[in-house]
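Here's the letter readout for the chains.
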Amino acid sequence: MLKTSFAAAAFGLIASAGLAQTSMPFALDWKFEGPAAPYTLAIDQGIFSDKGLEVTITEGQGSLDAIPKVATGAFPVGFADINSVIRFLDQNPGAPVVPVMMVYDKPPFAVVGRISQGIEAPGDLEGATLGAPPPDGAWAQFPIFAAENDLDMDAITVEPVGFPTREPMLASGEVDAVTGFSFSSTLNLIRLGVPEDDISVLLMADYGVDLYGNAIIVNTDFASENPEAVTGFLTGIAEGWQAAISDPEAAIASLLERNPAADADLEQRRLQLSIEANVLTDYVAENGMGGIDPERFAAAIEQTRTVYEFQNEPDIAALFDDSYLPEAEARMLSE
């Protein structure tokens, strides 16, 4: 079990001109790419500051990266794969971290391959070489994808790769497919010169994987001491996504302030793909972003159980806390 001496007050309240601004460093899952633009836009448009929050954003190194950062109190809030959080809490019962807002209602976990190298369907992975970064959220869910599609894992050569070398290795033919987020790996390959019609994207959610994706997570010590700040932050997250949907060019301009080397057109397309495929789903359009369907979440837990042996019986109520969410009206998204 994690031990932490974290106290919520460590994040402090910064007073200026009689106005208390709650400092909320936010740990991203990945780089400053298109899907991070709603958060930078929320900062630049004053969405967070209007709610009394001083939000700063730090890049991450993968979908699992933010979990220990938040659990140890280094960050009060983060963005991480909820399925990996569930396993983390099973292995570290009582750790002060919990998902509080779903963002990727449909997860972008995917296997991305080259058609010219024989990868067009799940079964094609048998006898092929799969590049998989160990900290990758998509790789963490690959056993479920394999089980749902009756793949023989022993027939797949798994090559541990680094995030920076993943797509270059696929582009050069060193591996036949990779695990990753659909919108990231696909556009990275296009940027590397791989013809779009040579790229196959096997979205795990379309092949039997009934999971949720990345969520906003909080340190529970911080949240219990600052409930209004957490609700304000989640409100700002929803407003940031709506602002990015309404004006993607402004969102990408905000992103480029943090990553000037990025390709604006490519990152705008990456943002759009994440909106259309992962964030603004039919469920979100009807219910607002952030919440979960309890029956679907329970089914996801059961699917996880097929490939992961829980050390403790999962308590669904302790694995997602919706009590900090603002009212649904404040979380509605529309094109």
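That block above? That's the structure.
Cut-offs and rules
- Residues numbered from 1 in each chain as written.
- Predicted model: local features only at pLDDT ≥ 70, side-chain atom pairs only at ≥ 80, totals over all residues.
- Heavy atoms only, no water.
- Pairing = 2+ DSSP bridges.
- Helix = DSSP H or I, 4+ residues; strand = E, 2+ residues; numbered from the N terminus.
- Axes fitted to C-alpha atoms, helices over the stretch in contact; angles between N-to-C directions.
- Contact = heavy atoms within 4.5 Å.
- Buried < 20%, exposed > 50% of the residue type's maximum accessible area, 1.4 Å probe, protein only.
- Core = buried A, V, L, I, M, F, W, Y, C linked by side-chain atoms within 4.5 Å.
- Polar contact = N/O pair within 3.5 Å; in protein donor to acceptor, adjacent residues only side chain to side chain.

What follows concerns the sheet that holds strand β10 (residues 199–203). Sheet strands pair by backbone hydrogen bonding; their relative direction is either parallel or antiparallel. The sheet built from five strands is open, its strands ordered β8-β7-β9-β6-β10 with mixed pairing. Only two strands of the sheet have a single partner each, and these edge strands are β8 (157–160) and β10. Averaged over all neighbouring strand pairs, the angle between strand axes comes to 30°, with direction disregarded. Packed onto the sheet, helix α4 (residues 137–148) meets β6 (109–114), β7 (129–132), β8, β9 (177–181) and β10 and runs at close to 90° relative to β6. Across the sheet, helix α5 (residues 163–171) lies against β6, β8 and β9, angled at about 140° from β9, the strand it touches most.

Position of S84 relative to the elements: it lies in helix α3 (residues 82–91). Setting aside chain neighbours within four positions, we find S84 in contact with L64, I67, A140 and Q141.

Following the sequence through the fold, G118 ends up in the loop between β6 and β7. Take G118: its relative accessible area is 40%, and that puts it in the partly exposed class. Sequence separation of G118 and T40 is 78 residues, and the distance between their C-alpha atoms is 39 Å.

As a further point, take the pairing of β9. A regular strand carries its side chains on alternate faces of the sheet. With five of five residues buried, β9 lies mostly within the body of the structure. The pairing of β6 with β9 spans five bridges and is antiparallel. The residue bridging V112 from the neighbouring strand is V178, located in β9. Bridge analysis of β7 against β9 gives two bridges, and the strand direction is parallel. Note on β9: the bridge partner recorded for G131 is V178.

Let's shift gears to the nonpolar core. Formed by 68 residues in total, the largest nonpolar core has its most connected members in F26, Y39, F142, I216, F233 and W241. In terms of residues, this core owes the most to one element, helix α8 (residues 227–246), which gives ten residues. Apart from residues no more than four positions distant in its own chain, F26 is found in contact with Y39, V55, T56, I57, T58, F75, V77, G78, F79, I216, F233 and I237. Core analysis: the second largest hydrophobic core is formed by 25 residues, M102, A215, F297 and Y308 among them.

Here we take up the environment of D321. Along the chain, the position of D321 falls in the segment after α13 (316–319). Note on D321: relative accessible area 23%, which makes it partly exposed. Distance in space between the C-alpha atoms of D321 and T304 is 19 Å, their sequence separation being 17 residues. Not counting chain neighbours up to four residues away, the residues in contact with D321 comprise V98, P99 and V100. Only 2.6 Å separates the side chain of D321 from the side chain of S323, close enough to count as a polar contact.

Further remarks concern the pairing of strand β5 (residues 97–102). The buried fraction of β5 amounts to six of the six residues, a majority that puts the element mostly inside the structure. Note: β5 against strand β11 (residues 214–219), five bridges, orientation antiparallel. Within β11, the position partnered with V97 by the bridge is N219.

Structural measurements only, silent on function.
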